[in-house]
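# Observations on the model geometry
Chain by chain, the residues:
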Amino acid sequence: MTGTRRSSEGLDARRSKLLFRSWHRGMREIDLILGSFADAEIGALTGDELDQYERLLDIPDTEFLAVLTGERPVPADIDCPVLQKILASRQAMTF
C-alpha cells in the first residue's frame, strides 16, 4: 500500500510519474509529506511548477526532510513557489 488517495487515472504520463515518485521516495516521512501534496495538487500544477517539483524530487531525502520539517532553513537555490506550497500544505497536515 502506498498511502496515496489519488489514482493516476486522468493524469498525463509526466504527472503520473511525479505522483508515483512522490509516494516512493524511500523515507516514509517524505512519502507522507510529498505524497499528500501530490495527491492534492499534481493535477493543478502548471508546466513551470512541474519543472520545479521535479527538481525538488531530486533532492536526497535526508537533506530535504530537514528543510521540510524546519530543522534547516530553506536554501536559496531550492526556494521556489512549489516548495512554498509544499511547506504550507505540510503545516496543514495532521497525522
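Anyway, here's the lowdown on the structure attached to this text. (Residues numbered from 1 in each chain as written. Predicted model: local features only at pLDDT ≥ 70, side-chain atom pairs only at ≥ 80, totals over all residues. Heavy atoms only, no water.)

## A closer look at helix α4 (residues 61–68)
Burial runs high along α4: 6 of the 8 residues are buried. Those residues of α4 hidden inside the fold are in contact with α2 (28–41), α3 (47–57) and α5 (81–91). Following α4 by one or two positions, Gly-70 adopts a phi angle in the positive range, close to 85 degrees. (Buried < 20%, exposed > 50% of the residue type's maximum accessible area, 1.4 Å probe, protein only. Helix = DSSP H or I, 4+ residues; strand = E, 2+ residues; numbered from the N terminus. Contact = heavy atoms within 4.5 Å.)

## Concerning the pattern of salt bridges
Under the definition given, this model contains 7 salt bridges. With a closest N to O distance of 3.0 Å, Asp-58 and Arg-21 form a salt bridge. Here Asp-58 is found in the loop between α3 and α4, whereas its partner Arg-21 is found in helix α1 (residues 13–23), with 37 residues between them in sequence. Overall, Asp-58 belongs to the exposed group, its relative accessible area being 57%. (Salt bridge = Lys/Arg side-chain N within 4 Å of Asp/Glu carboxyl O.)

## What about the packing of α4 against α5?
One can describe the packing of α4 onto α5 by two numbers: an axis separation of 10 Å at closest approach and a directional angle of 65 degrees. Across from Phe-64, Val-67 and Leu-68 in α4, the residues of α5 making contact are Leu-83, Ile-86, Leu-87 and Arg-90. Class assignment of the residues belonging to the contact of α4 with α5 gives a composition of 6 nonpolar, no polar and 1 charged. (Axes fitted to C-alpha atoms, helices over the stretch in contact; angles between N-to-C directions. Nonpolar A, V, L, I, M, F, W, Y, C, P; charged D, E, K, R; others polar.)

## What to know about the packing of aromatic side chains
Per the counting criterion, the structure on display carries 1 aromatic pair. Plain terms: the ring middles of Phe-37 and Tyr-53 are 5.5 Å apart, the flat faces sit at 50 degrees to each other, and that makes the pair tilted. Taken together, the residues Phe-37 in helix α2 and Tyr-53 in helix α3 connect sequence positions 16 residues apart. Tyr-53 shares its class with Phe-37; the two are buried. (Phe/Tyr/Trp six-rings, centres within 6.5 Å; stacked < 30°, edge-to-face > 60°.)

## Some details on the packing of α2 against α5
Two numbers describe how α2 lies on α5: the axes approach to 10 Å, and their chain directions differ by 105 degrees. By the angle class used here, α2 and α5 are roughly perpendicular. Of the residues in α5, those in contact with Ile-33, Leu-34 and Phe-37 of α2 are Val-82, Lys-85, Ile-86, Ser-89 and Arg-90. Classifying every residue of the contact of α2 with α5 gives 5 nonpolar, 1 polar and 2 charged. (Parallel < 35°, antiparallel > 145°, perpendicular 65-115°, else oblique.)

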